[in-house]
Amino acid sequence: MARRTFVAWGFCGPFIALFATFGVWPVVSSLSMSVTDITARDIRTPFSVDFVGVSHYTALFGDPVFRRAAVNTLYFVAAGIPLTMIIALALAVALNSGIRRAKALFRVGYFAPVVTSVVAIAVVWRYLYEPDGMINSALAVIGIHGPDWLNDPHWAMPALIVMAVWRHFGIPMVIFLAGLQSVPADLLESARVDGATRWQAFRNVTLPLLRPTTLVVAVLLSIGYLQFFEEPFVMTSGGPLGSTTSISYYAYQQFGFGNYGMASAASYVLVAAIALLSFVQFRIFRAKA
Amino acid sequence: MFSSRVAKTLAGGAAVALLMAGCGRSDARSAEAPAGAAVDTQPANGTITVWAMGTEGELLPKLAAEFSKANPDAKVEVTAVPWQDYAKKVQTAIASGDTPDATMVGAVDLAAFASMGGLEKVPSGLVDQSTFYPGAVQSTEFEGAEYGVPWYVETRSLFYRKDLAQAAGVSAPKTWDEYGPFLKALQQHGAKWGLSLPTGANATWQSVVPFMWQAGAELMSADGKQFTFDTPDARKGLEFYQQFITSKLSNPNGPVSLGEIEPQFVAGSTAALISGPWEEGLLKSAGGEAFVKDKVGVAPLPAGPKSNASYIGGGQWSVFKDARNRDGAWKFIRWMSAPEVQKTWYGLSGDLPAVQSAWSEGKLATDPTLAVFRDQLTTAQSGPNTTTWRQVTAVLDAEFEKVAKGVSTPQAALKEIQQRASTIGTGE
């Protein structure tokens, strides 16, 4: 082997080995598990399982619990992505221009939820969402009788969406901030000279230039949000009345029951959904670029 | 968030080739001996590695030191494992074959572990199963063999505000008929809610199924081949549960997380709760020693048409098939099941002995609160031992929640449970 090849393998080999073991192998083996009747019973004799084709997938769509989980996941994605993007962009714009002093403090402040342990966050938010907790006390001041957020099947999902958006807007905000800083100042200036208002300049100059950034944020968010798991896991255990069970949570439960075949199939439904949504987003944003 | 959680979720499965279509599982399970090979009565030797959960894991080394005195050549190495997710740890160990010698097992998990083929059968003649509480032995059985030795037991009784009961001039209810009026009386003396009942959180079934047992229901056919939820008795039990909520004795939004109920009970906004022997300690830390002494009463569960059955849980010991020191591990377990050692362990940990004769002297024999639990243990039952039980309990929790929140009737819920449990099957 040539010396250069040897050196190259020396650097790449460890990563490739790790990635193959913990990245590729689980994906391949779970794909194959999703078409067999493997359960916890077979774990010591994995070669004794039967091939069952797509029957897990058909069973999934026949399971009302899974259908509910799929609807919940779409609800979360449909509400969560626009909300997160609007808030992240608004704050990025504010940080980029408005707030001159203490900019660093705000950046850190808005980013803190991203790096805080979800368990710690859950404890605090559970207090906030108590029937007579801080949120409802604040609502009471303006005369609104707040619901029992986490125990009400209609309000539990919105409550988790608010929490998830708060927890996740930090990274999109930083990406938008980077995008905003790459918008050439002279373009905005010439727009201003031509008599455009701030808002017109933002709509017609900044936003179009942010299109690639927006695409990145949208794709990252949909990959993350489709795997909605941690909020229901720590806050509601998928309840009340199944209103916050997501596809990931469903898969997690099936793994817990020892139904590895079903669990893998559910995970692959999620993979397909992520692939589809990303594809659509690429089409939308690229077509106009 | 942005890391691939999919990959993480998928990781950790067994390898299965797509191409294995041809070599299916043989349906007939080979006939096996009902018990493992006998263990001699010589002192144990070598290192015995064990896993123990929670407080038991922290305290077990003290007990193990006693064992080493009697068996100078043996050394017990205890690894403390948190209860949370311990089942996954055990399953992973079984799957990979890299196990310690023995592990503590929670009563609900035995069937799942045994079905994976990772546990040894209890050696013939190791212990006399008739010396334990029957409910505890019941939870060590799987497909006609025993895979564990009962260690400690827990069961639930009725805790109530003694001071409110005295003020109301009522004494603890003995039957279902007295239950409601008793709680109503406590409510009239200041409590917002009479009885705290779970309404859908994890393991709600452990609180609801006893009502069905009390009405005479059996959840499984005698041959263990099918679930029998949709029966008149089960319905009677579920209707009884529902009636606490419809008559506003219980909050339709029951406790979701641990530690939620004690402050309410201490504050007097909830007048009664159903819990196990550990509750005394929790109430002491929430309300103080004097509160427990003056204001907390403990009574057996009120009896329904058939009995006052409660749920039995607890810990047992199993030995792994891949154990390196198999004999040593079984000897340690045999030693721990002796009445004297069980008494010592009660002194160390407060865990209630699974061996009935260990209750014959000392605090275990004289303490009035413990006497309540002791009575309760004689009728306490465990859930069916099937590999699918965990999955069925998720259905139970979901359907009981619908009943509690008024979106389903007991009749419809049991029908749904029956249908879904039949689809899930008993793992046979």
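Under an unreviewed UniProt entry, chain B has the name Multiple sugar transport system substrate-binding protein and belongs to Kribbella jejuensis. Quoted verbatim from the Sequence similarities (unreviewed entry) field of the UniProt record, the comment on chain B reads "Belongs to the bacterial solute-binding protein 1 family."

Per an unreviewed UniProt entry, chain A is named Carbohydrate ABC transporter membrane protein 1 (CUT1 family), and its organism is Kribbella jejuensis. Turning to chain A, the UniProt annotation filed under Subcellular location (unreviewed entry) states: "Cell membrane".

Before going further, it helps to examine the side chain of A:Ser248. Residues and elements named next belong to chain A. Within the element layout of this structure, Ser 248 appears in helix α13 (residues 247-257). Given the relative accessible area of 7%, Ser 248 is considered buried. Only 3.3 Å separates the side chain of Ser 248 from the backbone oxygen of Gln 227, close enough to count as a polar contact. Apart from residues lying up to four places away in sequence, Ser 248 is in contact with Leu 226, Gln 227, Phe 228, Phe 229 and Leu 270.

Turning our eyes to something else, we now look at the pairing of strand β9 (residues 270-275) of chain B. Residue and element names in this part refer to chain B. Among the 6 residues of β9, 5 are classified as buried, and the element is accordingly described as predominantly covered. Pairing analysis gives 4 bridges linking strand β7 (residues 157-161) to β9, with the strands arranged antiparallel. When the sheet's bridge partners are listed, Ser 157 is paired in β9 with Ser 275. When strand β8 (residues 193-196) meets β9, the two strands line up parallel, connected through 3 bridges. Bridge pairing in β9 links Leu 195 to Ala 272.

A separate point is the sheet that holds β7(B). All names here are of chain B. An order of β8-β9-β7-β10 is seen for the 4 strands of this open sheet, with the pairing classed as mixed. Of all strands in the sheet, those bounded by a partner on one side alone are β8 and β10 (296-299). Neighbouring strand axes in the sheet, compared pairwise and without regard to direction, differ in orientation by 20° on average. Taken together, the 4 bridges between β7 and β10 define a ladder with antiparallel strand orientation. Following the sheet pairing, Phe 159 is matched in β10 by Val 298. Lying on the sheet, helix α7 (residues 176-188) is in contact with β7, β8 and β9; it crosses β8 at an angle near 125°. In the packing of helix α11 (residues 279-287) onto the sheet, the strands contacted are β7, β9 and β10, and the crossing angle to β7 comes to about 25°.

Quick notes on the rules
Throughout, a residue's number is its position along its own chain's written sequence, starting from 1. Chain letters and ligand numbers both follow the written order, the letters beginning at A and the numbers at 1. Local features in a predicted model are, by the rule used here, given only for residues with pLDDT of at least 70; side-chain atom pairs are given and counted only at 80 or more, and totals for whole chains, interfaces and linings are based on all residues. Excluding hydrogens and water, the side-chain figures rest on all heavy atoms present in the structure. UniProt positions are given in the numbering used here, feature names are shortened, and annotations may be inferred rather than shown by experiment. By the criteria applied, helices consist of DSSP H or I runs no shorter than four residues and strands consist of E runs no shorter than two, each listed in order from the N terminus. Only protein chains enter the accessibility calculation, which uses a 1.4 Å probe; a residue whose area is less than 20% of its type maximum is buried, one above 50% is exposed, and one in between is partly exposed. Two N or O atoms form a polar contact when they lie within 3.5 Å of each other; inside protein one atom must be a possible hydrogen donor and the other a possible acceptor, and for residues adjacent in sequence the pair counts only when both atoms belong to side chains. We call two residues contacting when some pair of their heavy atoms lies within 4.5 Å. Being paired, for any two strands, means DSSP has found at least two bridges between them. Throughout, an axis means a line fitted to C-alpha atoms (over the contacting stretch in the case of helices), and angles, computed between N-to-C directions, take values from 0 to 180 degrees.

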